[in-house]
Amino acid sequence: MSNSVIVDLLLVPTRLCLWFQSVLYWFLVYGTAGLTAGLVLTRIAWRALKDPYGTFHWTVRKKQPACLRDPTLGKHGYLWGRVRIDRSERENTAIIGITFAIFTFYCSQQLSSGLRFHYVTKGDSRNPLMLFLHGFPENWYSWRYQLCGFSGQYHTVAMDLRGCGDSDAPSQLEDYSLEKLCHDIRDAIDELGHTSCVLVGHDWGGMLAWHFTLERPDMVQRLVIMNAPHPASWLDAVLRRPSELLRCGHACFFQLPALPEFTLSLEDFKLVRSLLCGGRGGIRNRARRLTEAQLEGYLYRLSQPGGLTAPLNYYRSLLSNALYKHQEVEVPCLLIWGEADSILVEGMSGGTRPYARGSVTLHTIPGCSHWVQQDQPETVNQLLWEFLLDREKDVERCSSRRGAGWAIKWTRE
């Protein structure tokens, strides 16, 4: 019997366990999706009986809201995709000599995805880069308090990620693979004139930040995550307690085709409004609640034809990659969690520890919603400054004036 056959036989139990884990995972995901879909369809039918016109009515916004054009928040810019020319095309093109050289040089300065990315920047580009990645249903505007708060010492940049805001939105699900999304971040850092950054992510922007740091730790000086568990800790929590999926059933529901887009559009995007402004899941800090004009800053792009599909493809892509074998995070990490988050389970935050090789600092902010950087911007910015300036303590009680809770720091020796 050859060595390869022996190795294959020895690996049979492991492969069976991984197969069973995969089957169980997808059974839980699509089971939760089906349950959620049943509840959603029941609600839609009930609402339609009471007010059919109001239920199936939504408005496409024609004009960009003023809040997205506020010059005090920073300057707007675009990163452009690289034009690819294969060898045969080069031989047949009329561009020769110095013209071709200039054209090639120009193309080499562009992004490798071929897409156009919109971003807002504030601060001196010679300062270290702080790159912000938003979640759903947000865009760059969700980082308005941080763009201004850190621009004095950092080159702050908030991107509209692929498919969101004014960035290009490819139509195919495979265009939102983790590999391509990570390439977007890598290329953005490079095109902005930096080799590394302080990477800050929220919601699935935080999940993307986890993945990028795992793949390219050399390009991340420090990692800041807000209300987004480490991908492997999320999977572990779900497999240990399947009931946790009900708390984040929206992510499973979004795996279904077409129905999530239709549901979110009903009653002029009532569910999106509720996510950001509702009494249960919306911003709780009365002083920071979104005005109608600010809310329109998020609804403007989502209301366009196909505007919901691209952002939802992030969930479809990220969840399908949840079984990826995640290695440990090697860079210093700050994890901020809103205690009153009704979208993600707070217990998932503590599960990050086994997946961190360096120091991990966890802050929980009492009474704060899922939208931490908008709900409690002063507290979040203060915690960020302490992390960046290495002023964390092993275990500390944050001052009641800041409204923050317990902060725990773990360090692997």
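The rules we used
Residues numbered from 1 in each chain as written. Predicted model: local features only at pLDDT ≥ 70, side-chain atom pairs only at ≥ 80, totals over all residues. Heavy atoms only, no water. Helix = DSSP H or I, 4+ residues; strand = E, 2+ residues; numbered from the N terminus. Buried < 20%, exposed > 50% of the residue type's maximum accessible area, 1.4 Å probe, protein only. Contact = heavy atoms within 4.5 Å. Areas by Shrake-Rupley, 256 points an atom, 1.4 Å probe, with all protein chains shown as cover. 1 Å grid on protein atoms, 1.4 Å probe; cavity = no way out; pocket = protein on both sides within 12 Å on 5 of 7 lines; lining within 4 Å. Points joined across faces, edges and corners; volume = space filled by probe spheres on them. Nonpolar A, V, L, I, M, F, W, Y, C, P; charged D, E, K, R; others polar. Axes fitted to C-alpha atoms, helices over the stretch in contact; angles between N-to-C directions. Parallel < 35°, antiparallel > 145°, perpendicular 65-115°, else oblique. Left-handed = near helix turned anticlockwise from the far one by under 90°. Pairing = 2+ DSSP bridges. Right-handed = clockwise from strand over helix to strand, strands pointing away. Salt bridge = Lys/Arg side-chain N within 4 Å of Asp/Glu carboxyl O. Expected span 1.5 Å × (residues − 1). Core = buried A, V, L, I, M, F, W, Y, C linked by side-chain atoms within 4.5 Å. Patch = residues over 30% accessible without salt bridge, like charges linked within 9 Å, V, L, I, M, F, W, Y side chains within 5 Å.

Colleague: Can you lay out the overall build of the protein chain for me, pointing to particular residues and giving the numbers?
Modeller: Each helix and strand counted, the protein chain has 15 helices and 10 strands in total. When the 413 residues of the protein chain are sorted by exposure, 53% land in the buried category. Partitioning the intrachain contacts of the protein chain with sequence separation of at least 6 by distance along the chain shows that 79% fall at a separation of at least 24. When the accessible surface of the protein chain is split by element, carbon and sulfur atoms take 57% of a total near 19300 Å².

Colleague: I'd like a rundown of empty space enclosed by the protein, residues and numbers included.
Modeller: One pass over the full model with this rule turns up 3 cavities of 30 Å³ or more. When its volume is computed, the second largest cavity comes out at roughly 80 Å³. The element that contributes the greatest number of residues to the lining of the second largest cavity is helix α11 (residues 292-302), accounting for 3 residues. Here the lining of the second largest cavity is built from residues that sort into 7 nonpolar, 5 polar and 2 charged.

Colleague: Which residues make up the packing of helix α10 (residues 259-277) against α11, and what values do they have?
Modeller: Interaxial distance between α10 and α11 falls to 11 Å at its minimum, and their mutual angle equals 135°. Here α10 is positioned oblique relative to α11, judged by the angle of their axes. The handedness of the crossing between α10 and α11 is right-handed. Taken together, the residues of α11 that come into contact with α10 (itself represented by F269, V272, R273, L276 and C277) are E292, L295, E296, Y298, L299 and L302. Grouping the amino acids of the contact of α10 with α11 by side-chain chemistry returns 8 nonpolar, no polar and 3 charged.

Colleague: Kindly report on the layout of surface pockets, identifying the contributing residues and their values.
Modeller: Its volume calculated, the largest pocket comes out at about 870 Å³. If you go around the largest pocket, you meet 31 residues; those closest to its centre are T36, H250, L271, L275 and R280. Element by element, the count of residues in the lining of the largest pocket is highest for α10, at 8 residues. Partitioning the lining of the largest pocket into residue classes produces 15 nonpolar, 10 polar and 6 charged.

Colleague: Break down the pairing of strand β4 (residues 155-159) for me, with residues and values.
Modeller: Burial of β4 is extensive: 5 of the 5 residues sit out of reach of the surface. Of the two faces of β4, the one carrying H155, V157 and M159 and the one carrying T156 and A158 are both buried. As judged from the 4 bridges shared by strand β2 (residues 117-122) and β4, these two strands associate in the antiparallel manner. What sits directly across from T121, in β4, is V157. Relative to β4, strand β3 (residues 129-133) runs parallel, the two sharing 4 bridges. Residue pairing in the sheet places F132 in a bridge with A158 of β4. Handedness of the crossover joining β3 and β4 through helix α5 (residues 144-149) is recorded here as right-handed.

Colleague: Before we move on, could you go through the pattern of salt bridges and cite the residues and values that matter?
Modeller: The tally for this structure, following the rule as stated, stands at 16 salt bridges. In this structure, R61 and D268 form a salt bridge, with 2.9 Å as the shortest nitrogen-oxygen distance. Taken together, the positions of R61 in the loop between α2 (52-55) and β1 (75-79) and D268 in helix α10 put the pair 207 residues apart, joining distant regions of the chain. There is no split in this pair, since R61 and D268 are both buried. Of the charged contacts, one joins R273 and D268 as a salt bridge, the two residues approaching to 3.6 Å between their closest N and O atoms.

Colleague: Now, about helix α15 (residues 377-388): what can you tell me, with residues and values included?
Modeller: For α15, spanning 12 residues, the distance from its first C-alpha to its last is 16 Å, which sits close to the expected 16 Å at 1.5 Å a residue. Across the 12 residues of α15, 10 count as buried, placing the element largely inside the fold. For α15, the complete set of buried residues consists of P377, T379, V380, N381, L383, L384, W385, E386, F387 and L388.

Colleague: Help me get a handle on the environment of C164, residues and values and all.
Modeller: Turning to its location among the elements, C164 is positioned in the loop between β4 and α6 (178-191). By relative accessible area, which is 3% here, C164 ends up buried. With 30 residues separating them along the chain, C164 and H134 place their C-alpha atoms 9.5 Å apart.

Colleague: Break down the environment of V198 for me, citing the residues and quoting the values.
Modeller: Note on placement: V198 falls in strand β5 (residues 197-202). A relative accessible area of 2% means that V198 is categorised as buried. Apart from the residues within four sequence positions on either side, V198 is in contact with L129, M130, L131, Y154, Q221, R222 and L388.

Colleague: How would you summarise the nonpolar core if you had to cite specific residues and measurements?
Modeller: One finds L131, L199, L223 and M226 to be the most contacted residues of the largest nonpolar core, which totals 103 residues. With 7 residues, helix α7 (residues 204-215) is the largest single contributor of residues to this core. If we ignore the near neighbours within four places in the chain, the residues touching L223 are L199, A209, W210, T213, V329, V331, P332, C333, L334 and F387.

Colleague: Break down a nonpolar patch on the surface for me, with residues and values.
Modeller: Together, L9, V12 and L16 make up a nonpolar patch on the protein surface, roughly 270 Å² of accessible area in all. Looking at where L9 falls in the secondary structure, it is placed in helix α1 (residues 3-50). Residue L9 is classed as exposed on the basis of its relative accessible area, which comes to 51%.

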